[in-house]
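The primary structure of each chain is shown beneath.
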Amino acid sequence: YGGMGLDFSYSIAVAEELGNIHCGGIPMAIGVQAAMATPALARFGSDELKKQFLVPTIAGDVVACLGVSETGAGSDVASIKTTAVRKGDEYVINGGKMWTTSGCQADWMCLLANTSEGPPHRNKSLICLPMNLPGIHVAKKIDKLGMRSSDTAQIFFEDVRVPSKNIIGEEGMGFTYQMLQFQEERLWGVASVLTAMENIIQETIAYTRQRKVFDRSVLHNQTVHFRLAELTTEVELLRSLLHRAVALYVEGSDVTKFASMAKLKAGRLAREVSDSCLQFWGGMGFTSEVLVSRCYRDMRLTSIGGGSDETMLSIICKYMEILPSK
């Protein structure tokens, strides 16, 4: 379908390199195309759907978005309210989506909606939804703390009709398919902040080496260079966990636990690295003129988007059999 036929480890290599871009919104937008809106389509979609939606997405001719989160259902995917009711050869969609990355410019959406009245984990389906259909209203572009170069939309659906053939895989399997997509999304998210964290640390080393306080460089203080060494060690440990999870995923293993662990650690470490390094920049770190302040804003999303820290902890606990499975 136009891809290179490489395994997922190559996507992670790309994600790590994209961390060199001094802007979190661009790696995130590419990640939506490569690892968030398309894995289920590539794995479970019909040949016709792949030709219509996957081929132009891989080519970069169209923009894709993922419609999962809603105003009252962010990390709690099972609680979404958007419905797609079967009427003849069509689904009629009503509801809305929130926090949709690239939603203002997307050509199509990988939409998760309730297609029956059954149990919440078995009544959902993924649907390829063209964004130019009547009844789709992009309400607004959301003003955000960080990732400001990336458009994030609130979208409403009012009696939107889409062919029933646009469903991905089997009806009622959407929750399961989306949980599988989350594995790739979370691993991509981890990879994309690794290099950014390394770059912040290196820039902080260079700045504190030349910045003088009380007649000596800031870097000369043991508390500073020890802290930077500690943070560098944490980044390398996270990279090892990521690469282990990716290797297992390529082998076909369920890596939900490891992906959740890596996502949790990445979000917390991104906050720790950006906050610690910004402190060492002093007043300059509080300006918009330096990379560390932008990363401080952009990377804060890592602990929220794609499943919050609290959601990751719940998943890890279930795999540790601390909490009962639903």
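Residues numbered from 1 in each chain as written. Predicted model: local features only at pLDDT ≥ 70, side-chain atom pairs only at ≥ 80, totals over all residues. Heavy atoms only, no water.

Caption draft 1: Spotlight on the UniProt feature "domain: Acyl-CoA dehydrogenase/oxidase N-terminal" (unreviewed entry) in the chain. When the UniProt feature table is mapped to this numbering, "domain: Acyl-CoA dehydrogenase/oxidase N-terminal" (unreviewed entry) covers residues 1–61. End-to-end, the C-alpha atoms of residues 1–61 are 13 Å apart, and along that stretch the chain is 69% helix and 0% strand. (UniProt positions renumbered as here; feature names shortened; annotations may be inferred. Helix = DSSP H or I, 4+ residues; strand = E, 2+ residues; numbered from the N terminus.)

Caption draft 2: Representation of the packing of helix α2 (residues 25–36) against helix α5 (residues 174–210) within the structure. Contact geometry for α2 and α5: axes closest at 9 Å, N-to-C directions at 150 degrees. In terms of axis orientation, α2 runs roughly antiparallel to α5. Crossing hand, α2 versus α5: right-handed. Together, Pro27, Ile30, Gly31, Ala34, Ala35 and Met36 of α2 and Gln181, Glu184, Glu185, Trp188 and Ser192 of α5 make up the contact between the two elements. (Axes fitted to C-alpha atoms, helices over the stretch in contact; angles between N-to-C directions. Parallel < 35°, antiparallel > 145°, perpendicular 65-115°, else oblique. Left-handed = near helix turned anticlockwise from the far one by under 90°. Contact = heavy atoms within 4.5 Å.)

Caption draft 3: Just the packing of aromatic side chains, in detail. Applying the stated criterion across every chain yields a total of four aromatic pairs. For the ring pair Tyr207 and Trp281, a centre distance of 4.0 Å and an interplane angle of 5 degrees mean the geometry is stacked. Placement of Tyr207 in helix α5 and of Trp281 in the loop between α7 (256–280) and α8 (291–298) is noted, with a sequence separation of 74 residues between them. Tyr207 gets classed as buried once you look at its relative accessible area, which sits at 18%. Looking at Arg86, its charged tip hangs above the ring of Tyr91, at a distance of 5.5 Å from the centre. Above the ring of Phe182, the side-chain terminus of Arg186 is found at 4.4 Å from the ring centroid. (Phe/Tyr/Trp six-rings, centres within 6.5 Å; stacked < 30°, edge-to-face > 60°. Buried < 20%, exposed > 50% of the residue type's maximum accessible area, 1.4 Å probe, protein only. Lys NZ or Arg CZ within 6 Å of the ring centre and 35° of its normal.)

Caption draft 4: Main features of α8. Along α8, the residues classified as buried are Leu291, Val292, Ser293, Cys295 and Asp298. In this fold, the buried residues of α8 make contact with α5 and α7.

Caption draft 5: Quick look at the domain arrangement of the chain. Each domain of the chain was delimited in the assignment, giving domain 1 (37–167) and domain 2 (176–320). On a C-alpha basis, the centres of domain 1 and domain 2 stand 29 Å from each other. Of the residues lining the interface, 18 residues belong to domain 1; the matching set on domain 2 comes to 16 residues. For the pair domain 1 and domain 2, the summed buried surface comes to about 1400 Å²; carbon and sulfur atoms form 63% of the total. The tally of links from domain 1 across to domain 2 stands at zero salt bridges. In terms of residues, the side of domain 1 that touches domain 2 owes the most to one element, helix α3 (residues 39–44), which gives four residues. (Domains from an automatic or database assignment. Buried area = accessible area lost by both parts, 1.4 Å probe. Salt bridge = Lys/Arg side-chain N within 4 Å of Asp/Glu carboxyl O.)

Caption draft 6: Broad picture of unusual backbone geometry. For Asp215, which is not glycine, the phi torsion reads 70 degrees and is therefore positive. Its location among the elements puts Asp215 in the loop between β8 (212–213) and β9 (216–217). By relative accessible area, which is 81% here, Asp215 ends up exposed.

Caption draft 7: The arrangement of the side chain of Asp151 in detail. Topologically, Asp151 is positioned in the loop between β6 (136–141) and β7 (152–163). The side chain of Asp151 is buried and forms no salt bridge, while Lys141, the nearest opposite charge, is found at 6.2 Å. Only 2.8 Å separates the side chain of Asp151 from the backbone nitrogen of Cys104, close enough to count as a polar contact. (Lys, Arg positive; Asp, Glu negative; His and termini not counted. Polar contact = N/O pair within 3.5 Å; in protein donor to acceptor, adjacent residues only side chain to side chain.)

Caption draft 8: Highlighting α7. Look at α7: 36 Å from first C-alpha to last across 25 residues, which is about the 36 Å you get at 1.5 Å a residue. Immediately beyond the C-terminal end of α7, within one or two residues, lies Gly282, with a positive phi of roughly 65 degrees. (Expected span 1.5 Å × (residues − 1).)

Caption draft 9: Examining a nonpolar patch on the surface more closely. On the surface, Tyr1, Val55 and Ile58 cluster together to form a nonpolar patch covering roughly 250 Å² of accessible area. Residue position: Val55 is located in helix α4 (residues 47–59). (Patch = residues over 30% accessible without salt bridge, like charges linked within 9 Å, V, L, I, M, F, W, Y side chains within 5 Å. Areas by Shrake-Rupley, 256 points an atom, 1.4 Å probe, with all protein chains shown as cover.)

Caption draft 10: Quick look at the pattern of salt bridges. Going through the model one piece at a time under the given rule, you end up with 14 salt bridges. Of the charged contacts in the structure, one is a salt bridge between Glu48 and Lys165, with a shortest N-O distance of 3.0 Å. Note that Glu48 is positioned in helix α4 and Lys165 in the loop between β7 and α5, a separation of 117 residues in sequence. In this structure Glu48 comes out as partly exposed when scored by relative accessible area, which is 45%. The exposure class of Lys165 is partly exposed, given its relative accessible area of 47%. We note a salt bridge from Glu70 to Lys97, for which the minimum N-O separation is 2.9 Å. Highlighted residues: Glu70 in the loop between β1 (64–67) and β2 (83–87) and Lys97 in strand β3 (residues 90–101), separated in sequence by 27 residues. An identical accessibility class is assigned to Glu70 and Lys97; each is buried. It is possible to trace a salt-bridge network through shared partners that takes in Glu16, Glu198, Glu236 and Arg239.

Caption draft 11: Looking closely at the pairing of β7. As paired elements, β3 and β7 share nine bridges and run antiparallel to each other. Bridge pairing in β7 links Tyr91 to Val162. When β6 meets β7, the two strands line up antiparallel, connected through five bridges. What sits directly across from Ile136, in β7, is Phe157. (Pairing = 2+ DSSP bridges.)

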